[in-house]
Amino acid sequence: MGLSQGLDATFLGVLGLLIGSFLNVVIYRLPVMLEARWKAECADMQGQPIPVAERFNLMVPRSRCQSCGHTLSWFENIPVLSYVVLRGRCRHCQAPVSLRYPLIELATGALFFFCGWHWGLNATALIWCGFAAALLALAMIDWDTTLLPDDITLPLLWAGLMAAALGLSGVVLPDAVWGAVGGYMSLWLVYWAFKLATGKEGMGFGDFKLFAALGAWFGWQALIPIILMASVIGAIVGIAMKFSSALREGGYIPFGPFLAGAGLTAMLLGPQAILRVVGL
């Protein structure tokens, strides 16, 4: 690694730590915001008064301890470092803080570092940083809530098409368009086939949109490698959770995190390398 390449990667890695801290906010708050929006819409359709709630969005209120409500100071919000210095506990009430927060910050920093090392400090690296951040957020939100918000999946889809149109993703626009179409339609057909056969819903519409977004970023040629990787990861995790009695009530696990994991694998290794990983 040359000096310039190392500096580019380090700069984006540090930026990734900061973005990772913000992703923790998005992962927790966006589902709460969506639920409040849906409740307000339901109340409005039923002609009921819409309850006035505390202002709550991605910026307001400031981050707080979920145990005691202590508002975090700036020095309690430094990515990773604050967690280490405070030994993973709230400074005010000593309640434990989830290890997931610094892990997401570190994961985001590592992915941004890779983008800087692989592409340098340029527009291509930045769009792939955005891609990685969106997939991390979607994976964690879906794991927690079984939701894949349109607020992230649809911008991710359009960003993939625009990146192809601008020549930034390495995919030509026709391949990106057909990748989006093929990604959505393939899972849509699987959904309806399963529902007609069993009377149950095997996946949500958010999975269609996420797979469409991955098709837009990598092209239609990558759809089979990505879905194979997602299925393999999902099967391994599902079997491990079953033997450890960690499955949720109903015995289901969301598919979105595995699609996101396959998308990140495709970014790191390339779609064709996925076929080699799964032995094809």
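Before any of the text, the structure's been laid out above.
Reference entry: report on the structure contained in this document.

Rules used throughout
Residues numbered from 1 in each chain as written. Predicted model: local features only at pLDDT ≥ 70, side-chain atom pairs only at ≥ 80, totals over all residues. Heavy atoms only, no water. Patch = residues over 30% accessible without salt bridge, like charges linked within 9 Å, V, L, I, M, F, W, Y side chains within 5 Å. Areas by Shrake-Rupley, 256 points an atom, 1.4 Å probe, with all protein chains shown as cover. Salt bridge = Lys/Arg side-chain N within 4 Å of Asp/Glu carboxyl O. Helix = DSSP H or I, 4+ residues; strand = E, 2+ residues; numbered from the N terminus. Expected span 1.5 Å × (residues − 1). Bend = angle between axes of the 7 residues up to and from the residue. Axes fitted to C-alpha atoms, helices over the stretch in contact; angles between N-to-C directions. Parallel < 35°, antiparallel > 145°, perpendicular 65-115°, else oblique. Left-handed = near helix turned anticlockwise from the far one by under 90°. Contact = heavy atoms within 4.5 Å. Nonpolar A, V, L, I, M, F, W, Y, C, P; charged D, E, K, R; others polar. Phe/Tyr/Trp six-rings, centres within 6.5 Å; stacked < 30°, edge-to-face > 60°. Buried < 20%, exposed > 50% of the residue type's maximum accessible area, 1.4 Å probe, protein only. Lys NZ or Arg CZ within 6 Å of the ring centre and 35° of its normal.

Section: a nonpolar patch on the surface
- Side chains of L173, V177, W178, V181, M185, L189 and W220 sit close together on the surface and give an oily, nonpolar patch of about 670 Å² of accessible area.
- You can see V181 is positioned in helix α6 (residues 173-198).

With respect to helix α1 (residues 3-45)
- The end-to-end C-alpha distance of α1 is 60 Å, a good match for the 63 Å that 43 residues give at a rise of 1.5 Å each.
- Of all the bends in α1, the largest measures some 30 degrees and sits at R29, one to four residues before the proline P31.

So, the packing of helix α4 (residues 123-145) against helix α5 (residues 150-165)
- For the pair α4 and α5, the least separation of the axes is 11 Å and the interaxial angle reads 155 degrees. Relative to α5, the element α4 lies roughly antiparallel. Helix-helix and strand crossings are classified by hand; for α4 and α5 the assignment is left-handed. Counted together, I127, F131, A134, L135, A137, L138 and I141 of α4 and I152, T153, L156 and A163 of α5 form the full contact between these two elements.
- Class assignment of the residues belonging to the contact of α4 with α5 gives a composition of 10 nonpolar, one polar and no charged.

Comments concerning the packing of aromatic side chains
- Under the counting rule described, the total for this entry stands at 15 aromatic pairs.
- Ring centres 5.0 Å apart and planes at 75 degrees place the aromatic pair W128 and F131 in the edge-to-face group. Here the residue W128 and the residue F131 both occupy positions in helix α4, the gap between them amounting to three residues, near one helical turn. This pair shows no difference in class: W128 is buried, exactly as F131 is.
- Seen in terms of ring centroids, F131 and W217 are 4.9 Å apart; in terms of plane orientation they differ by 50 degrees. Their pairing is tilted. With a gap of 86 residues between them, F131 in helix α4 and W217 in helix α7 (residues 205-218) connect regions that are remote in the sequence.
- Site record: aromatic cluster; members linked through ring pairs are F114, W117, W119, W128, F131, W217 and F218.
- One residue, R29, lies across the ring of F56, its end atom 5.3 Å from the ring centre.

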